[in-house]
Amino acid sequence: MKRIFLPLIALSLMTISFASCREENQTKAEELIEEMEADGAEIEKKVDGDETKIKMESEEKEVKIKSEDGETKIKVDDK
């Protein structure tokens, strides 16, 4: 029983440690979108060819994100 129990515990501890150390690669724009969604903001998204505009507005702030040709511009205004 000990022969099975100890390796299972070691395996589970290693799995948990690797999963918790995993980096999440999110851009600043993605983080802002998630934050504004959590705040219950109104979100408008416009796509025109290779240009994407996202406008988000909540009671506390207004965020505009413009992506064009791989370049992203972010504008944050506090109300």
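Quick summary incoming for the structure in this document. (Residues numbered from 1 in each chain as written. Predicted model: local features only at pLDDT ≥ 70, side-chain atom pairs only at ≥ 80, totals over all residues. Heavy atoms only, no water.)

The subject of this paragraph is the sheet that holds strand E2 (residues 51-57). A sheet is described by the order of its strands in space; here four strands give the open sequence E1-E2-E3-E4, paired in antiparallel fashion. Since the sheet does not close on itself, it has two edges, and those belong to strand E1 (42-48) and strand E4 (71-78), each with one partner. Strand after strand, the sheet turns through a mean of 10° between neighbouring axes, direction not considered. Note that E2 and strand E3 (residues 61-68) share seven bridges and pair antiparallel. The partner of Lys 53 across the bridge, within E3, is Lys 66. Across the sheet, helix H2 (residues 28-38) touches E1, E2, E3 and E4, and the angle it forms with E3 is around 145°. (Pairing = 2+ DSSP bridges. Helix = DSSP H or I, 4+ residues; strand = E, 2+ residues; numbered from the N terminus. Axes fitted to C-alpha atoms, helices over the stretch in contact; angles between N-to-C directions. Contact = heavy atoms within 4.5 Å.)

This part is about the side chain of Ser 58. Relative to the helices and strands, Ser 58 is located in the loop between E2 and E3. When its relative accessible area of 9% is taken as the criterion, Ser 58 is described as buried. (Buried < 20%, exposed > 50% of the residue type's maximum accessible area, 1.4 Å probe, protein only.)

This part takes up the pairing of E4. Examined bridge by bridge, E3 and E4 share eight bridges and lie antiparallel to one another. Residue pairing in the sheet places Ile 65 in a bridge with Ile 74 of E4. Connecting E3 to the next strand, E4, in antiparallel fashion are two residues, including Asp 69 with a positive phi near 55°.

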